Amino acid sequence: PVWQVFFDALIAARRAVTICTLPLPPGEGRGEGVRVTLWLAVERLPMLQAIYPDVAPTPPLEAPAEFTTRAWTKEEALIELVRGQLQGLGPVTTAQLAQRLGVAQGALDLALTALEGEGFAMRGRFTPNNDSPHPHSLSQGEREASREAPSAPGKNNTEWCERRLLARIHRYTIERLRAEIEPLPAADFLRFLFRWQGLTSEPRAEGPQALAAVVEQLEGFEAAAAAWEADILPARLQHYDPEWLDSLCLSGRVLWARLTPPKLAAGKDKISAPVRTTPIALVTRPHSAPWQKLVAARQADALRLSPRAQGVADYLRTHGASFFDDILAGSGLMKSQAEEALAELVGAGLLHADSFAGLRALLVPSDKRRAVRGPRGRRLHAYGIAEAGRWTLTPRPAPATTSAPPDPETVEQIARLLLRRYGVVFKRVLEREADWLPPWYELLRVYRRLEARGEIRGGRFVAGFSGEQYALPE
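These lines cover the structure that appears in this document, whether it is placed above or below. Predicted, not measured: the structure shown is a model, and the values here were computed from it.

Observations regarding unusual backbone geometry
Part 1 of the reasoning: With an omega of -5 degrees, the peptide bond between threonine 58 and proline 59 qualifies as cis.
Part 2 of the reasoning: Position of proline 59 relative to the elements: it lies in the loop between α2 (45–51) and α3 (74–89).
Part 3 of the reasoning: Here glutamate 202 and proline 203 are connected by a cis peptide whose omega angle stands at -5 degrees.
Part 4 of the reasoning: Looking at where proline 203 falls in the secondary structure, it is placed in the loop between α8 (186–196) and α9 (208–218).
Part 5 of the reasoning: The backbone phi angle of arginine 14 is positive, close to 60 degrees, even though this residue is not glycine.

Some details on a nonpolar patch on the surface
Part 1 of the reasoning: A surface patch of nonpolar side chains, about 640 Å² in accessible area, is lined by Val2, Trp3, Val5, Phe6 and Trp39.
Part 2 of the reasoning: The leading source of residues in the nonpolar patch is helix α1 (residues 2–12), at four residues.
Part 3 of the reasoning: Of note, phenylalanine 6 is situated in helix α1.
Part 4 of the reasoning: Overall, the relative accessible area of 56% leaves phenylalanine 6 in the exposed class.

Digging into the nonpolar core
Part 1 of the reasoning: Of all hydrophobic cores here, the largest spans 86 residues; its most connected members are Leu211, Trp228, Trp256, Trp391 and Tyr447.
Part 2 of the reasoning: A per-element tally of this core places helix α18 (residues 408–422) first, with seven residues.
Part 3 of the reasoning: Beyond its immediate chain neighbours, meaning those up to four positions away, leucine 211 contacts Leu233, Leu237, Tyr240, Trp244, Leu245 and Leu248.
Part 4 of the reasoning: Of all hydrophobic cores here, the second largest spans 33 residues; its members include Leu40, Tyr52, Ala63 and Leu81.

Some details on helix α16 (residues 335–347)
Part 1 of the reasoning: In this model α16 runs 18 Å from its N-terminal to its C-terminal C-alpha over 13 residues, within 8% of the 18 Å that 1.5 Å per residue would give.
Part 2 of the reasoning: Taking burial as the measure, the 13 residues of α16 include ten buried ones, the bulk of the element.
Part 3 of the reasoning: Along α16, the positions that sit buried rather than exposed are Gln337, Ala338, Glu339, Ala341, Leu342, Ala343, Glu344, Leu345, Val346 and Gly347.
Part 4 of the reasoning: Contacts made by the buried residues of α16 are with β7 (254–257), α14 (307–319), α15 (324–331), β10 (351–353), α17 (357–363) and β13 (390–393).

Overview of the environment of serine 247
Part 1 of the reasoning: Mapped onto the elements, serine 247 comes out in helix α11 (residues 242–250).
Part 2 of the reasoning: Residue classification places serine 247 among the partly exposed residues on the basis of a relative accessible area of 35%.
Part 3 of the reasoning: Residues serine 247 and serine 355, 108 residues apart in the sequence, show an inter-C-alpha distance of 7.5 Å.

Rules of the game
Residues numbered from 1 in each chain as written. Predicted model: local features only at pLDDT ≥ 70, side-chain atom pairs only at ≥ 80, totals over all residues. Heavy atoms only, no water. Helix = DSSP H or I, 4+ residues; strand = E, 2+ residues; numbered from the N terminus. Patch = residues over 30% accessible without salt bridge, like charges linked within 9 Å, V, L, I, M, F, W, Y side chains within 5 Å. Areas by Shrake-Rupley, 256 points an atom, 1.4 Å probe, with all protein chains shown as cover. Salt bridge = Lys/Arg side-chain N within 4 Å of Asp/Glu carboxyl O. Buried < 20%, exposed > 50% of the residue type's maximum accessible area, 1.4 Å probe, protein only. Core = buried A, V, L, I, M, F, W, Y, C linked by side-chain atoms within 4.5 Å. Contact = heavy atoms within 4.5 Å. Expected span 1.5 Å × (residues − 1).

Here it is as structure tokens:
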């Protein structure tokens, strides 16, 4: 009623008219049998008369001369009419447009497709009550999937929206979601991390499957070789058993290796054997490729291996993964010499074994190695080098690829792994990660894209830290 007063004033000033459309014939869509009254500015009258040629305006006015020079076809006029509707409506379905305009849906489909071709309109499912998985726009891949997916009988969920208006809606939605977050002190974040990584949760997880979940959360993080089974894993698992880790490694689900290139002391080109502080990472096999792509390929070229270590490396390069007895026979070394060569290759990040027992054996002096026995003398854990399984050279990227930036797929995989590790990610929380990770600005691109898809949340979660912060929804 309030708007009617203003519209009547425009009619009195001969600036606006109304058009009452004719009912659509049967079979022309959801608008059939419905008469629609349209308000329009008088200068757009020629365009509307091309769409509704049999309808006279009320009051009977004519458009100014400067607006009658162009001869509108019905298709061109309908495109401009739909363009104007999309600029003010937001997300709308073809059926809703047909009801508003009294035009057959088939004609509207052609107009909407033309606007999509111009880059003016976008199709998708944008609203929560329209089976949309997110409260804002879908990704390009999801839009294409929804475009190709069959709709339910009698129901078309595809919506259309003007591109710039959709970007504004998207931006407002993200700002609203970020405003819902209240930052907490760093102490609360630390307590959250303890619980997130299972240090303070009760009861603590137990068993090989629980260990696999811990490895997935910590994979790629390098810690002192002796710390894994002395501190890190026992703190997260109830009654940790080293056989759990050996079984995961022997099954091929997990592998261990040194990822960070060793730093040589001044004037030295040799490395020492692996010691208890040697950085070792646990990696799941499906995600081993992204980590390997990020490691600088400088070990084999910049490090001068001893003749024994070089001989063992040449043997493995020729014969592939081999057991310790085969290495002894093929290299012609004594047992102690072969162990020293393996230790040197592990310390250089060039070698790993099928099981974690190989690393245990190299960390424990040979005169102190013994089998841990349980009740009735049953042998539980072996620290001998022969129980390590096969020894394999760790693949490294070619030197020519070291200066090239990591591919986007690798960066996204690493970004998701870091989110799973910390729950909440920002620049300062990654300071203890390896320095060969993708730069923060590359990770930011991934996190912004994931936030735009609605997969993660952005905002200010932890007070006292500058920069952007992102978190998993949970």
